[in-house]
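# A look at the structure
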Amino acid sequence: MRCFRVSRQNTFIIAEAGVNHNGSLKLAKQLVDVAVAAGADAVKFQTFQAEKVVSCFAPKAEYQCRTTGAGESQLEMVRKLELSAEQHAELVGYCRQKGIQFLSTPFDQESVDLLSCRFDLPLLKIPSGEITNGPLLLHIARTGKPVLLSTGMSALGEVETALSVLAFGYTRPEEEPSLAAFQAAYASAEGQQALQQKVTLLHCTTEYPAHFTDVNLRAMDTLRAAFGLPMGYSDHTPGIAVPVAAVARGATVIEKHFTLDRKLPGPDHRASLEPDELKQMVQAVRQVEQALGNGIKAPAPSEIKNMLVARRSLVASRAINKGEQFTLANLAVKRPGTGASPMLYWDCLGKRAVKNYLPDEQI
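Residues numbered from 1 in each chain as written. Predicted model: local features only at pLDDT ≥ 70, side-chain atom pairs only at ≥ 80, totals over all residues. Heavy atoms only, no water.

### Points about the pairing of strand S5 (residues 147–150)
Note on strand geometry: in a regular strand, side chains alternate between the two faces of the sheet. Put simply, the test is: The buried label goes to any residue with under 20% of its type's maximum accessible area, the exposed label to any with over 50%, and the partly exposed label to all in between, with areas taken from a 1.4 Å probe on protein chains only. Per the convention used, a helix needs a DSSP run of H or I reaching at least four residues, while a strand needs a run of E reaching at least two, with both numbered from the N terminus. Only strands joined by at least two bridges in the DSSP assignment are considered to pair. With strands facing away from the observer, any crossover in which the path from the first strand over the helix to the second runs clockwise is taken as right-handed.
Taking every second residue as pointing to the same face, both faces of S5 are buried, with Val-147 and Leu-149 on one and Leu-148 and Ser-150 on the other. Across three bridges, the pairing between strand S4 (residues 124–126) and S5 is parallel. Pairing of Lys-125 across the sheet is with Leu-148, part of S5. In terms of handedness, the path from S4 via helix H7 (residues 134–141) over to S5 forms a crossover that is right-handed. Inspection of the sheet shows S5 paired to strand S6 (residues 199–204) by four bridges, in the parallel sense. In the sheet register, Val-147 faces S6, and the bridge partner there is Val-199.

### What about the side chain of Thr-47?
The test is simple: Polar contact is defined as a pair of N or O atoms within 3.5 Å, subject to the rule that within protein one atom must be able to donate a hydrogen and the other to accept it, and that residues adjacent in sequence are counted only when both atoms are side-chain atoms.
Its location among the elements puts Thr-47 in strand S2 (residues 42–47). On the basis of relative accessibility, which here comes to 2%, the residue Thr-47 falls in the buried class. Of the polar contacts made by the side chain of Thr-47, one reaches the side chain of Ser-104; its length is 2.5 Å.

### As for helix H11 (residues 219–227)
The line we're drawing: Think of the arc as the fan of directions from the helix axis to the C-beta atoms. Here, residues are in contact when the closest pair of their heavy atoms is within 4.5 Å.
Residues of H11 that are buried: Ala-219, Met-220, Leu-223 and Phe-227. Projected down its long axis, H11 carries its buried residues within an arc of 110°, all on one side. Where H11 is buried, its residues meet helix H8 (156–171), helix H9 (179–187), helix H10 (189–198), S6, strand S7 (231–235) and helix H12 (241–248).

### Points about unusual backbone geometry
Cis geometry marks the peptide bond from Tyr-208 to Pro-209, where omega comes out at -5°. If you trace the backbone, Pro-209 turns up in the loop between S6 and H11. Note the cis peptide between Arg-335 and Pro-336, where omega equals 5°. Along the chain, Pro-336 turns up in the loop between strand S10 (331–334) and helix H15 (345–348). Here Met-153, not a glycine, exhibits a phi torsion of approximately 70°, which is positive. Along the chain, the position of Met-153 falls in the loop between S5 and H8. The class for Met-153 is exposed, based on a relative accessible area of 59%. Within the chain, Asn-216 stands out as a residue other than glycine whose phi angle is a positive 55°. Within the secondary structure, Asn-216 is located in the loop between S6 and H11. A relative accessible area of 47% means that Asn-216 is categorised as partly exposed.

Distances and angles like these do not, on their own, reveal function.
Written out as structure tokens, the structure is:
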């Protein structure tokens, strides 16, 4: 199995195509091309068998009704967005050809097996809506694959419970599952080690689009403090400001929906970036990474040449004769900074000049 580790230096940027292909392989490939052109590290889709995920009685979400109408059921909508195993295989090959990592979110156990066994993806994404789906969490963990666990709509205790299932699945493949067994695995040293090696949490607000007032980026700090795991951010807000801010707050993974055109029909297009915006987001994230630096407060190499120009030195404010005392009246502080530091001003007061000084001559 290929290893996947989130880098602490470079943000792993996932261009979330999701279901914005509208069931069209041609459109899906165009989305891959956009992700490549933007400079994303991965392009991610969604893998599911509609009948195994959505019941015929499931209503649409409010945002889905707004974007696709209320005349069809959620199941009818989702059926049209499903990609076959053969279409997945073609997309995986296309991504390999284009030099970008193919990723997908599995929503059922058969889809987990498709992605982890047939395509051997380096990691799996667990969406926010599945954080309480214990059987799916367990099945994913027993693949041994690293995961991105999205935490939208969840409280801290629900995140811990989900992590306990993952810890159990990673470390106790033969043991019968139970809530008590999950808790024991989570509390164990080997369970915690497995989580540290394999799990990245994604803070998320599950609304499309998400309101800025609901984002609560400080929750990233809370999750990091509670679980000690790498933190990322899955964004549904308009524009690029919030994911860029998340990187500044320490996100190691950024996931952002994108589309070819927000006017296209479908549930997620309106809450997605268009191609130029995705490119701008990637560029902004990379700029922020460079700007974060190493945390050591010291002059940057580019600053050093300016220190002599911008700083000041001790100078004579008027002509000073040899033997004359330095006083408030004959000392001044002026540029450039090539002489004695003004921090020595008070030490000079009362001392006698060892030579004659002209006005503005450095002491």
